[in-house]
Amino acid sequence: MAKHGPNILLTGTPGTGKTTLGQELAERTGLSYINVGDLAKEKNLYEGYDEEYNCNILDEDQVVDELEDHMENGGRIIDYHGCEFFPERWFDIVFVLRTDNTLLYTRLQERGYSGKKLEDNVQCEIFQTILEEAKDSYKPDIVHELQSNTPEEMEDNIEKIVLWIEKWKQDHLS
Ligand code: ADP
Ligand code: MN
């Protein structure tokens, strides 16, 4: 069965704005927004506990199984701070959100991050870890970096993605 809309991946270091962008996009386009972290929590898709970081370890195979039907239907916006374990075939386009280190530091502090967790996440952004992961996991021409420092940039990103979705629908559904 043909997909009824494109599948979009929003990825990037925690705090770069994936959830804000994804929810707003869903509202404006009618696509369905799925937060992988929330899904895992809701359905308990974990394979253990990380003592060092005090967080659950995602069961990636279970997450992929859980999402497969959604992705076959199409029209999904997926939000997660990693991307190498999703099947490459799922996504029509991948956006990697980027934020200036100092702004990100403040955002994560406001979220209550401190110590090693805060430092590691800011380092993840400095080293472009998620961007490299996305480039290694998907065809380079579908991976796009988006600056996400200001509300103006957020709005700009939303407008560009909305236009891209409209074009996808024209090309694939009519
Ligand atoms: P993520 O889902 O990637 O962890 P969030 O969407 O939760 O990030 O955003 C983290 C915080 O940063 C929120 O307080 C949000 O309002 C703010 N924020 C996100 N994107 C921007 C932006 N482009 N400009 C200003 N603030 C932003
Ligand atoms: Mn989020």
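The written sequence of each chain sets the order in which its residues are numbered from 1. Each chain takes a letter, starting from A, and each ligand takes a number, starting from 1, following the order in which they are written. Where totals are concerned, whole chains, interfaces and linings use all residues; where local detail is concerned, this predicted model gives features only for residues with pLDDT of at least 70, and gives and counts side-chain atom pairs only at 80 or more. For the side-chain quantities, the full set of heavy atoms in the structure was used; hydrogens and water were omitted.

**Some words on the pattern of salt bridges**
- Just to be clear on terms, a salt bridge is a Lys or Arg side-chain nitrogen sitting within 4 Å of an Asp or Glu carboxyl oxygen. A complete count under the given rule lists 11 salt bridges for this structure.
- One salt bridge in this structure joins Lys-160 and Asp-156, with 3.1 Å as the shortest N-O distance. On the criterion of helical spacing, the pair formed by Lys-160 and Asp-156 is a turn pair, its members being 4 residues apart in helix 7 (residues 151–173).
- Each residue is placed in one exposure class: buried if its accessible area under a 1.4 Å probe, protein chains only, is under 20% of its type's maximum, exposed if it is over 50%, and partly exposed if it falls in between. A relative accessible area of 35% places Asp-156 in the partly exposed class. Strands are runs of DSSP state E lasting at least two residues, helices are runs of H or I lasting at least four, and both sets are numbered from the N terminus onward.

**A few points about the packing of helix 1 (residues 18–29) against helix 7**
- Think of each axis as a best-fit line through the C-alpha atoms, taken over the contacting stretch in the case of a helix, with angles from 0 to 180 degrees between the N-to-C directions. Following both chains from N to C, one finds helix 1 and helix 7 inclined at 45 degrees, their axes separated by 10 Å at the closest point. In terms of orientation, helix 1 lies oblique with respect to helix 7. Crossing handedness for the pair helix 1 and helix 7: right-handed. For the pair helix 1 and helix 7, the contacting residues are Thr-20, Leu-21, Glu-24, Leu-25, Arg-28 and Thr-29 in the first and Met-154, Glu-155, Asn-157, Ile-158, Ile-161, Val-162, Ile-165 and Lys-169 in the second.
- Under the scheme applied here, ten amino acids are nonpolar (Ala, Val, Leu, Ile, Met, Phe, Trp, Tyr, Cys and Pro), four are charged (Asp, Glu, Lys and Arg), and all others, including Gly, are polar. Counted by class, the contact of helix 1 with helix 7 contains 7 nonpolar, 3 polar and 4 charged residues. For classification, angles of less than 35 degrees are called roughly parallel, those exceeding 145 degrees roughly antiparallel, those between 65 and 115 degrees roughly perpendicular, and all remaining angles oblique. Rotating anticlockwise by less than a right angle from the far helix to the near helix defines a left-handed crossing, while the corresponding clockwise rotation defines a right-handed one. Whether two residues touch is decided by their heavy atoms; if any such pair falls within 4.5 Å, the residues are in contact.

**Let's talk about unusual backbone geometry**
- In the Ramachandran plot, Asn-44 falls in the positive-phi region, its phi being about 55 degrees despite a non-glycine side chain.
- One can find Asn-44 in the loop between helix 2 (36–43) and strand 3 (46–50).

**A short note on the confidence of the model for the protein**
- Scored by pLDDT, the protein has a mean of 97; 99% of the residues are at 70 or more.
- Here the predicted complex carries an ipTM of 0.99, next to a pTM of 0.98. Per-residue confidence from the predictor is reported as pLDDT, which spans 0 to 100.

**So, the packing of aromatic side chains**
- Each Phe, Tyr or Trp ring, with Trp reduced to its six-membered ring, pairs with another whose centre is within 6.5 Å; inter-plane angles below 30 degrees give stacked pairs, above 60 give edge-to-face pairs, and intermediate values give tilted ones. By the definition in use, this model includes 7 aromatic pairs.
- Geometrically, the ring pair formed by Tyr-80 and Phe-85 is edge-to-face, given 5.8 Å between the ring centres and 80 degrees between the ring planes.
- Criterion for a charge above a ring: Lys NZ or Arg CZ within 6 Å of the ring centre, and within 35 degrees of the ring normal. When the ring centre of Tyr-113 is taken as origin, the NZ or CZ atom of Lys-117, which lies over that ring, is 4.3 Å away.

**Quick look at the side chain of Thr-11**
- Mapped onto the elements, Thr-11 comes out in strand 1 (residues 8–11).
- N or O atoms closer than or at 3.5 Å make up a polar contact, with two conditions inside protein: a donor-capable atom paired with an acceptor-capable one, and, for residues adjacent in sequence, both atoms drawn from side chains. At 2.8 Å, the side chain of Thr-11 and the backbone oxygen of Tyr-80 are in polar contact.
- Of the polar contacts made by the side chain of Thr-11, one reaches the backbone nitrogen of Gly-82; its length is 3.5 Å.
- Those residues within four positions of Thr-11 in sequence are excluded, and the remaining contacts are Lys-18, Tyr-80, His-81, Gly-82, Cys-83, Val-94, Phe-95, Val-96, Leu-97 and Ile-130.

**Quick notes on helix 1**
- Any helix carries an expected span of 1.5 Å times its number of residues minus one. Over its 12 residues, helix 1 runs 16 Å from end to end, which matches the ideal 16 Å to within 8%, given 1.5 Å per residue.
- Taken as a whole, helix 1 has its buried residues at Lys-18, Leu-21, Gly-22, Leu-25, Ala-26 and Thr-29. For helix 1, the angular spread of buried residues about the axis comes to 130 degrees, placing them on one side. Opposite the packed face of helix 1, turned more than 90 degrees from it, sit the exposed residues Thr-20 and Glu-27. Directions pointing from the helix axis toward each C-beta atom define the arc.

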